[in-house]
Amino acid sequence: MDADEAYAACERITWEQARNFAYGIRLLPPPKRRALAAVYAFARRIDDIGDGDLPAADKTARLEAARVQVLALAAGDSPDDSDPVLVALTDAGPRFGVPLAAFGELIDGCLADVNGASYKTFDDLLWYCQCVAGSIGRLSLGIYGATQPEKQAKMADDLGVALQLTNILRDVREDYLNGRIYLPEEDLAKFGIEFAPFGQPEPFPDAAMQARFAGLVEFEAARAREWYASGMRLLATIDRRSAACTGAMAGIYRRLLERIASQPSAVLEGRMSLPGGEKALVAAQALAGLDRWKYRKGAAQ
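In this text, all values refer to a predicted model and were calculated from it rather than measured experimentally.

S.K.: I'm lost on the packing of helix H7 (residues 122-144) against helix H8 (residues 149-170) in this one. Help?
M.R.: Two measures define how a pair of helices packs: the angle their axes make with one another and the distance between the axes. Contact geometry of H7 with H8 gives a least axis separation of 7 Å together with a crossing angle of 120 degrees. On the basis of the axis angle, H7 is oblique to H8. As H7 runs across H8, the sense of the crossing is right-handed. When its residues are assigned to classes, the contact of H7 with H8 shows 13 nonpolar, seven polar and two charged.

Shown next, in the form of structure tokens:
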């Protein structure tokens, strides 16, 4: 399989499964768009293993096999040419200087899920967020092109944390039904919140606990806003189209966060999302460069 065919397969995966991210990825010029689709496709593969129905031991084995694959690519080895995602990454990695070894952090985060990890403090959760989302930000930065690598990597990491905190709030009910609780134990204790035992149909069956949960959502949303404020500074440091891509993806999630903060009880009823028209509007605003201009202006002052 040649690189063009491999990239086309990765783009199909991205358009079919990326939901929010596709709105941003489409704003990139073709070479960067294809490379980021390859990154997404491999990340999707890792996530699907972690979220799948296999026994934990089989998930672990597959995740470790994926680690071996990506480390081999990072070392310059040739992949199985029948695997379009690996073929595309083999081309994108050296072409753009993508730090492919960062996929190992995503794998570490998925292994934590497989092993049923819980998080006592926010610092514990921060590690997880940096693994599963900050790593994708740093991989993406490789494609965008880093002019201040250390500084920009920190911003990309911060933005990934903001996105993952938004995901955690959005998916509280779904995660609970899958036997996972990501909210830090210290935060739950602060608001006097206890989840129902796993196996129950709802995480908070009584109204009093739901009311306390609303207070926790606002607390966590305020925390996420701080991470967005730090991470969005990245837009001022990268080229216009890369900033549009990042701004669209982050803008969609930031709007979703505000929707969650205004209706915390809604996340206990089902997964919240923005209408397609609203996502398209955010993408159009990102392409116009409004956020990038704002952060560039702020950096100059």
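Now that the structure has been shown, the text picks up again.
S.K.: Before we go on, may I ask you to explain the packing of aromatic side chains in this structure?
M.R.: Describing an aromatic ring pair means giving the distance of the ring centres and the angle of the ring planes. Following the criterion strictly, the structure yields twelve aromatic pairs and no others. A centroid spacing of 6.3 Å and a plane angle of 15 degrees characterise the contact between Tyr119 and Tyr182, whose relative ring orientation is stacked. Here the residue Tyr119 occupies a position in the loop between helix H6 (103-114) and H7, and Tyr182 occupies one in the loop between helix H9 (172-177) and helix H10 (185-190), the gap between them amounting to 63 residues. Grouped by ring-pair contacts, the aromatic residues Tyr176, Phe195, Phe198, Phe204 and Phe213 constitute a single cluster. The ring of Trp15 is capped by Arg26, whose NZ or CZ atom sits 4.1 Å from the centre of that ring. Looking at Arg223, its charged tip hangs above the ring of Phe122, at a distance of 3.9 Å from the centre.

S.K.: Hey, could you run me through the nonpolar core in this one?
M.R.: Proteins that are soluble and globular tend to have nonpolar side chains buried together. With 92 residues, the main nonpolar core has Phe42, Leu89, Phe103, Leu125, Leu183 and Phe213 as its most contacted residues. In terms of residue count, H7 provides more of this core than any other element does, twelve residues in total. Sequence-distant contacts of Leu125, defined by excluding residues within four places in its chain, comprise Tyr119, Leu165, Ile168, Tyr182 and Pro184.

S.K.: What's the story with the packing of helix H12 (residues 240-262) against helix H13 (residues 276-288) in this structure? I'm lost.
M.R.: Two elements in contact, H12 and H13, have axes separated by 8 Å at closest approach and are oriented at 140 degrees. Accordingly, the angle class assigned to the pair H12 and H13 is oblique. For the pair H12 and H13, the sense of crossing is right-handed. Contacts from Arg240, Arg241, Ala244, Gly247, Ala248, Gly251, Ile252, Arg255 and Arg259 of H12 reach H13 at Glu278, Lys279, Leu281, Val282, Ala283, Gln285, Ala286 and Leu287. Tallied by class, residues from the contact of H12 with H13 come to eight nonpolar, three polar and six charged.

S.K.: Which parts of the structure should I look at to understand empty space enclosed by the protein?
M.R.: Remark: the empty space left among the atoms is shown by a probe the size of a water molecule rolled over them. Inspection of the entire model under this criterion finds two cavities of 30 Å³ or more. In this structure, the largest cavity spans a volume of roughly 50 Å³. Taken together, Ile168, Asp171, Val172, Asp175, Arg180, Ile181, Tyr182, Leu183 and Phe195 make up the lining of the largest cavity. Class assignment for the residues of the lining of the largest cavity results in six nonpolar, no polar and three charged. Surrounding the second largest cavity, Leu125, Leu165, Ile168, Leu169, Leu183 and Glu220 form its lining.

S.K.: Sorry, what's going on with the state of the cysteines here?
M.R.: Note: disulfide means a covalent bond formed between the sulfur atoms of two cysteine side chains. For the structure on display, the rule yields zero disulfides. Looking at the unpaired Cys10, the closest cysteine sulfur is the one in Cys245, lying at 15 Å. Given the relative accessible area of 0%, Cys10 is considered buried. With no disulfide of its own, Cys129 lies closest to Cys131 among cysteine sulfurs, the gap being 9.3 Å.

S.K.: Which parts of the structure should I look at to understand the side chain of Asp113?
M.R.: Of note, Asp113 is situated in helix H6. Residues contacting Asp113, with those up to four places away along its chain left out, are Tyr128, Arg180 and Tyr182.

S.K.: Can you help me understand the pattern of salt bridges in this one?
M.R.: Pairs may arise between side chains of opposite charge once their charged atoms sit close together. Considering all chains together, one arrives at 23 salt bridges under this definition. Put simply, Arg34 and Asp4 hold a salt bridge, and the shortest N to O gap is 3.0 Å. Placement of Arg34 in helix H3 (residues 30-51) and of Asp4 in helix H1 (residues 3-17) is noted, with a sequence separation of 30 residues between them. Taking relative accessible area as the criterion, Arg34 reaches 23% and is therefore assigned partly exposed.

What counts, and where the lines are drawn
Residues numbered from 1 in each chain as written. Predicted model: local features only at pLDDT ≥ 70, side-chain atom pairs only at ≥ 80, totals over all residues. Heavy atoms only, no water. Axes fitted to C-alpha atoms, helices over the stretch in contact; angles between N-to-C directions. Helix = DSSP H or I, 4+ residues; strand = E, 2+ residues; numbered from the N terminus. Parallel < 35°, antiparallel > 145°, perpendicular 65-115°, else oblique. Left-handed = near helix turned anticlockwise from the far one by under 90°. Nonpolar A, V, L, I, M, F, W, Y, C, P; charged D, E, K, R; others polar. Phe/Tyr/Trp six-rings, centres within 6.5 Å; stacked < 30°, edge-to-face > 60°. Lys NZ or Arg CZ within 6 Å of the ring centre and 35° of its normal. Core = buried A, V, L, I, M, F, W, Y, C linked by side-chain atoms within 4.5 Å. Buried < 20%, exposed > 50% of the residue type's maximum accessible area, 1.4 Å probe, protein only. Contact = heavy atoms within 4.5 Å. 1 Å grid on protein atoms, 1.4 Å probe; cavity = no way out; pocket = protein on both sides within 12 Å on 5 of 7 lines; lining within 4 Å. Points joined across faces, edges and corners; volume = space filled by probe spheres on them. Disulfide = S-S within 2.5 Å. Salt bridge = Lys/Arg side-chain N within 4 Å of Asp/Glu carboxyl O.

Function cannot be inferred from these measures alone, as they are strictly geometric.
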